[in-house]
Amino acid sequence: MKEVSKKMHKEIDTKREEEIEKIIKGNFISSAIGTIDEEEYPLVTKIIPMFNNKSIYLLMSDLSDHTKNILKNNKISIYYFLKEEKEQKLNNKRLTLTGTVKKLDFEKNSKKFLYLLESYEKIEIGSKFWGTFSDFNFYIFKPKRLLFIKGFGKAYKKTFTWK
């Protein structure tokens, strides 16, 4: 019988840091946001995070259920779906970030909003149009924890501390 290590998560080395950074910068198939609704039930919906200037931004409609949830509880998770290369689906790579998100109050014609919208258009075609609708706003994500699963027995965890 194989002996199982008592330490469940490994330390993140430079190689893993680089791999994780590539994922966050756009090397993923799809992504989802997890929020908690007013009855404390989880809601998971598709989202497209944008990494820009060492920060993660989300462009979301204030009318969507996940955004309404955020206004009541700003703790979220972002799940990055990666290409499944192994036949055993649970043995494939995946990345989850948990943290808080904050709405950015930019005027639609401000330089910062237009810069972010121009950058977002590069990852989501058409967003330059619908992103200007009055209900769409940028949110900034501040990670608290990271969980990177590279496969069975290859789990990496990191906690972020902010001043």
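Residues numbered from 1 in each chain as written. Predicted model: local features only at pLDDT ≥ 70, side-chain atom pairs only at ≥ 80, totals over all residues. Heavy atoms only, no water.

Listed as buried for helix α1 (residues 14–24) are Arg-16, Glu-19, Ile-20, Ile-23 and Ile-24. The arc that holds every buried residue of α1, seen down its axis, measures 135°, which confines them to one face. For α1, exposure combined with an orientation more than 90 degrees from the buried face picks out Thr-14, Lys-15 and Lys-22. Phi turns positive one or two residues past the end of α1, at Gly-26, with a value near 130°. (Buried < 20%, exposed > 50% of the residue type's maximum accessible area, 1.4 Å probe, protein only. Helix = DSSP H or I, 4+ residues; strand = E, 2+ residues; numbered from the N terminus. Arc of directions from axis to C-beta.)

A cluster of like positive charges, contributed by Lys-75, Lys-144, Arg-145 and Lys-157, occupies part of the molecular surface. Under the relative-accessibility criterion, Arg-145 is labelled partly exposed at 40%. (Patch = residues over 30% accessible without salt bridge, like charges linked within 9 Å, V, L, I, M, F, W, Y side chains within 5 Å. Areas by Shrake-Rupley, 256 points an atom, 1.4 Å probe, with all protein chains shown as cover. Salt bridge = Lys/Arg side-chain N within 4 Å of Asp/Glu carboxyl O. Lys, Arg positive; Asp, Glu negative; His and termini not counted. Charge placed at Lys NZ, Arg CZ, Asp CG, Glu CD.)

Moving on: the nonpolar core. Considering soluble globular proteins, one finds that nonpolar side chains tend to be buried as a cluster. Residues Leu-58, Ile-76, Tyr-80, Leu-95, Leu-97, Leu-146 and Phe-148 are the most contacted members of the largest nonpolar core, which totals 24 residues. Elements that contribute at least two residues to this core include exactly α1, β4 (55–61), β5 (75–81), β6 (94–103) and β7 (136–151). Top contributing element to this core by residue count: β7, with 4 residues. If we skip the residues at most four places from it in the chain, Ile-76 touches Ile-33, Gly-34, Thr-35, Leu-58, Ile-70, Leu-97, Thr-98, Gly-99, Val-101 and Phe-141. (Core = buried A, V, L, I, M, F, W, Y, C linked by side-chain atoms within 4.5 Å. Contact = heavy atoms within 4.5 Å.)

Let's shift gears to the environment of Ser-127. By the element assignment, Ser-127 lies in helix α4 (residues 127–130). Under the relative-accessibility criterion, Ser-127 is labelled buried at 0%. Sequence-wise, Ser-127 and Leu-59 are 68 residues apart; in three dimensions their C-alpha atoms are separated by 8.7 Å. Setting aside residues up to four positions removed in sequence, Ser-127 forms contacts with Leu-59, Leu-117, Tyr-120, Glu-121 and Thr-132.

On to the packing of aromatic side chains. In the structure shown here, the tally under the stated rule is 9 aromatic pairs. Geometrically, the ring pair formed by Phe-28 and Tyr-80 is edge-to-face, given 5.0 Å between the ring centres and 75° between the ring planes. With a gap of 52 residues between them, Phe-28 in the loop between α1 and β1 (30–36) and Tyr-80 in strand β5 connect regions that are remote in the sequence. Like Tyr-80, Phe-28 is buried. Among the aromatic side chains, those forming a connected cluster through ring pairs are Phe-113, Tyr-120, Phe-129, Trp-130, Phe-133, Phe-136 and Phe-138. (Phe/Tyr/Trp six-rings, centres within 6.5 Å; stacked < 30°, edge-to-face > 60°.)

Okay, the side chain of Ser-55 next. Within the element layout of this structure, Ser-55 appears in strand β4. The buried category is assigned to Ser-55, whose relative accessible area is 19%. When near neighbours in sequence (up to four residues on either side) are disregarded, Ser-55 contacts Met-50 and Ile-140.

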